[in-house]
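So you can see what is in the structure, the chains are spelled out below.
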Amino acid sequence: MKSLPSEYSGNRFELLVQSVTDYAIFMLNTDGRIASWNAGARRFKGYEPDEIIGQHFSRFYTPQDQAAGVPAAALETARQEGRFEAEGWRVRKDGTHFWANVVIDPIRDTDGRLLGFAKITRDLTERRAADEALRKSEERFRLLVESVSDYAIYMLDPVGTITSWNSGAERAKGYAAEEILGKNFALFYSEEDRIAGLPSRALSSAQRDGRFESEGWRIRKDGSRFWANAVIDTIRDSAGEVIGYAKVTRDLTERRESQQALEDARAAIMQAQKMDAIGKLTGGVAHDFNNLLAVIVGSLELAKMRLAKGGDIERFLDNAMAAADRGASLTQRMLAFARRQELKLQSVDCVALVQGMADMLQSSVGPGIDIESLFPKSLVPAYADPGQLEMALLNLVVNARDAMPDGGRITISGSEMLTAQGAVPGLASGTYVKLSVIDEGEGMDSATLERAREPFFTTKGVGKGTGLGLSMVHGFVEQCGGALTIDSSVGVGTTVSLWLPVSQEAETREADISGHSVVQTQSPLVILAVDDDDLVLTNTAGMLEDLGHTVFRAGSAADALRMLDQSRIDMVVTDHAMPGMTGAQLADAIEQAHPGLPVIIITGFAELPPHSSSRPRLDKPFRQAELARMVNGVRSLSQEGAQREFGPSIDPV
């Protein structure tokens, strides 16, 4: 073996090379035999110097590379071109392989004569494994994105230029990759959206918030539209600079059309259910009202015949009035169910109310039923409408009677209850008055109990009721701020409980239950009565005239305004539901043209404009005593207002 000149060894550069452990640095003579060996070569090739020096460097190559002449070609390339570099598998002493980066440089003397080769090898196995893992990961994600066909997934550069395109994007938007790459994503928006700047606002929002999501119409290659959900996420580098956007779009056209079809179907079903409900309501209400009308018509006809003969007609008039009262009660219950009946909420002594109803309740259930009450010595007042509460209790007692065809006992109980949040469905935590109607009847199974509150549901048979009883009571207690609960077992009986809020008033005001006493009229007034229904107008005017007032009649709001300009009127009594101009609108016009002129609005239900809620209102049907009290009360308020403004007035003698 030919040795290298002594000036190339034993100096400080040898110490430097020998200390390097991350690189294999060694020399080859001209025929490729190893002439030196450093610590790095020993570390990752596995040979000690005395084992390898003098051996040919080709032993580090795989048998395949040796057979292909790779070692000799490497030396020849270095000799001819001045340098050789490559990466590939190399073999350690123990036969294991490692991935190496190899650089071979020729060594020449000053005359250019080749003395040997310098060979530097670096073990890149770990880096190659990491690169391979990254490559495989990127390939998996590329395959994943490319395989998704239900979502358009692509990337944009910072100004919105499309830089990638998957099969889902091609399927949804119609463009092949070569057609769309390099174009701006605003191409998918309608002209109106582009003019409005929607694409740029989307990118700005994504850049500001990190994410942008929206739904709207987008345009395909063929010009057709599709409803899309689009999400844009901002992509930033390690320094936080925006390098692009990831955009995911899904075609929701079919889902949107399905939802629209479902909504249309639901609307059709609701319409059918509404018509079915109206049919049931019509049948039940017609039955109840026809019974009442039969009593009224029959009683009035008998009264007319008896009057012609000079007989006593009081009994028949009482029958007609009782039937009319029942009709009014039915209407009020229906309005309460629909929540269009105004409740006159006040403090109610439930013990006194039930005691005052005792005779009426007993007469309603008949002799085969015993009614008992079970109340504590003192009970806090409830906050409710006393009249509606009476009707609710009467309804529940009649239902209890119907559940005991062979007779039995009905118990009405009351107690003060403190409830926690959620303890009673629909109730907030607090103190309530619990009124219960308990029967010993047939009870209800779970299926019947589940439907008991449903409007129009009844177990009494077709034509024997409206099926609105419990649902009306339910609507009433909810309007009061309470709740209704039902406990029932087959063969044991049923308990229906009304949970009513406790009144905050210090004293309970007594409810005027009867409303039948006649109020003495004060000095007569000139009153303008307005109603588009001649029959109602005749009755209202007749009641007022019977009270001693002078009454002018108008069949419309327009007629009323003309008459006010031509006559001196002290008060206007008008119906609300009139064509052209309602009673509330007439009151507004009167307030403008005739300030201070009192107006009473008569209505069959409670839906008046919000600004009219403070005006005097009388609910239909009403009796003469109620009308008289209203007129006198409004007159007193009007006089008090005039005295405050102008001083006391002197009535003419």
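Residues numbered from 1 in each chain as written. Predicted model: local features only at pLDDT ≥ 70, side-chain atom pairs only at ≥ 80, totals over all residues. Heavy atoms only, no water.

Asks: Could you give an account of the pattern of salt bridges, with specific residues and numbers?
Replies: With the rule as written, the count across this model stands at 24 salt bridges. Two residues, Glu85 and Arg83, come together in a salt bridge whose shortest N-O distance is 2.9 Å. The class of Glu85 is partly exposed, set by a relative accessible area of 43%. Arg409 is paired through a salt bridge with Glu372; the nearest N and O atoms lie 4.0 Å apart. Residue Arg409 is found in strand β12 (residues 408-419), and its partner Glu372 is found in strand β10 (residues 369-374); the two are separated by 37 residues along the sequence. By relative accessible area, Arg409 is classed as partly exposed at 36%. (Salt bridge = Lys/Arg side-chain N within 4 Å of Asp/Glu carboxyl O. Buried < 20%, exposed > 50% of the residue type's maximum accessible area, 1.4 Å probe, protein only. Helix = DSSP H or I, 4+ residues; strand = E, 2+ residues; numbered from the N terminus.)

Asks: Tell me what's going on with helix α13 (residues 350-365), and back it up with residues and numbers.
Replies: Considering bend angle alone, the principal kink of α13 is centred on Ala358 and spans about 50°. Turning to α13, its buried residues number three or more, namely Cys350, Val351, Leu353, Val354, Met357, Leu361 and Val365. Where α13 is buried, its residues meet β9 (346-348), β10, β11 (382-384), α14 (386-402), β12 and β13 (430-439). Phi turns positive, to about 90°, at Gly366, one or two residues after α13. (Bend = angle between axes of the 7 residues up to and from the residue. Contact = heavy atoms within 4.5 Å.)

Asks: Any chance you could break down unusual backbone geometry for me, citing the residues and the numbers?
Replies: That bond from Lys620 to Pro621 is cis: its omega, -15°, falls within 30 degrees of zero. Mapped onto the fold, Pro621 is located in the loop between β20 (617-619) and α20 (624-646).

Asks: Describe helix α5 (residues 70-81), listing the residues and the values that go with them.
Replies: The end-to-end C-alpha distance of α5, which contains twelve residues, comes to 16 Å, matching closely the 16 Å that a straight helix rising 1.5 Å per residue would cover. Along α5, the residues that are buried comprise Pro71, Ala74, Leu75 and Ala78. Buried residues along α5 cover an arc of 95° about the axis, so they all sit on one side. Facing away from the buried side of α5 by over 90 degrees, the exposed positions are Ala72, Gln80 and Glu81. (Expected span 1.5 Å × (residues − 1). Arc of directions from axis to C-beta.)

Asks: Run through the nonpolar core, naming residues and quoting values.
Replies: Counting 37 residues, the largest nonpolar core has Leu389, Leu393, Ile410, Leu435, Leu498 and Leu500 as its most contacted members. At seven residues, α13 tops the list of elements feeding residues into this core. Once residues lying within four places of it in the same chain are set aside, the contact partners of Ile410 are Val365, Ile369, Asp370, Ile371, Glu372, Val397, Ala400, Arg401, Met404, Val437 and Ile438. (Core = buried A, V, L, I, M, F, W, Y, C linked by side-chain atoms within 4.5 Å.)

Asks: Describe the packing of aromatic side chains, with residues and values.
Replies: Enumeration over the complete set of coordinates arrives at 13 aromatic pairs. Arranged with centres 6.0 Å apart and planes meeting at 75°, the rings of Tyr154 and Phe188 form a pair that is edge-to-face. Within this pair, whereas Tyr154 is found in strand β5 (residues 151-156), its partner Phe188 is found in the loop between α8 (177-180) and α9 (191-195), the two being separated by 34 residues in sequence. Here the two residues Tyr154 and Phe188 agree in accessibility, since each one is buried. By the ring-pair criterion, three or more aromatic residues cluster together here, those being Phe26, Trp37, Tyr47 and Phe60. (Phe/Tyr/Trp six-rings, centres within 6.5 Å; stacked < 30°, edge-to-face > 60°.)

Asks: Give me the sheet that holds strand β19 (residues 599-603): which residues, what numbers.
Replies: One open sheet accounts for five strands, arranged β17-β16-β18-β19-β20; its pairing is parallel. The sheet terminates laterally at β17 (550-554) and β20, the two strands that pair on one side only. Between one strand axis and the next, the sheet turns by 20° as a mean value, whatever way the strands run. The pairing of β19 with β20 spans three bridges and is parallel. Paired with Thr603 across the strands is Asp619, a residue of β20. (Pairing = 2+ DSSP bridges. Axes fitted to C-alpha atoms, helices over the stretch in contact; angles between N-to-C directions.)

Asks: So what's going on with the packing of α13 against α14? Which residues, and what values?
Replies: At a minimum axis separation of 10 Å, α13 and α14 run at an interaxial angle of 40°. The angle between the axes of α13 and α14 places the two elements in the oblique class. Classified by chirality, the crossing of α14 by α13 is right-handed. On α14, the residues touching Cys350, Leu353, Val354, Met357, Leu361, Ser364 and Val365 of α13 are Pro386, Leu389, Glu390, Leu393, Leu394, Val397 and Arg401. Classifying every residue of the contact of α13 with α14 by side-chain character gives eleven nonpolar, one polar and two charged. (Parallel < 35°, antiparallel > 145°, perpendicular 65-115°, else oblique. Left-handed = near helix turned anticlockwise from the far one by under 90°. Nonpolar A, V, L, I, M, F, W, Y, C, P; charged D, E, K, R; others polar.)

Asks: Can you lay out the packing of helix α18 (residues 557-566) against helix α19 (residues 583-593) for me, pointing to particular residues and giving the numbers?
Replies: As a packed pair, α18 and α19 sit with axes 10 Å apart at the nearest point and diverge in direction by 20°. One element, α18, and the other, α19, form an angle in the roughly parallel class. The handedness of the crossing between α18 and α19 is right-handed. Contacts between α18 and α19 pair Ala557, Ala560, Leu561 and Leu564 from the former with Leu586, Ala589 and Ile590 from the latter.

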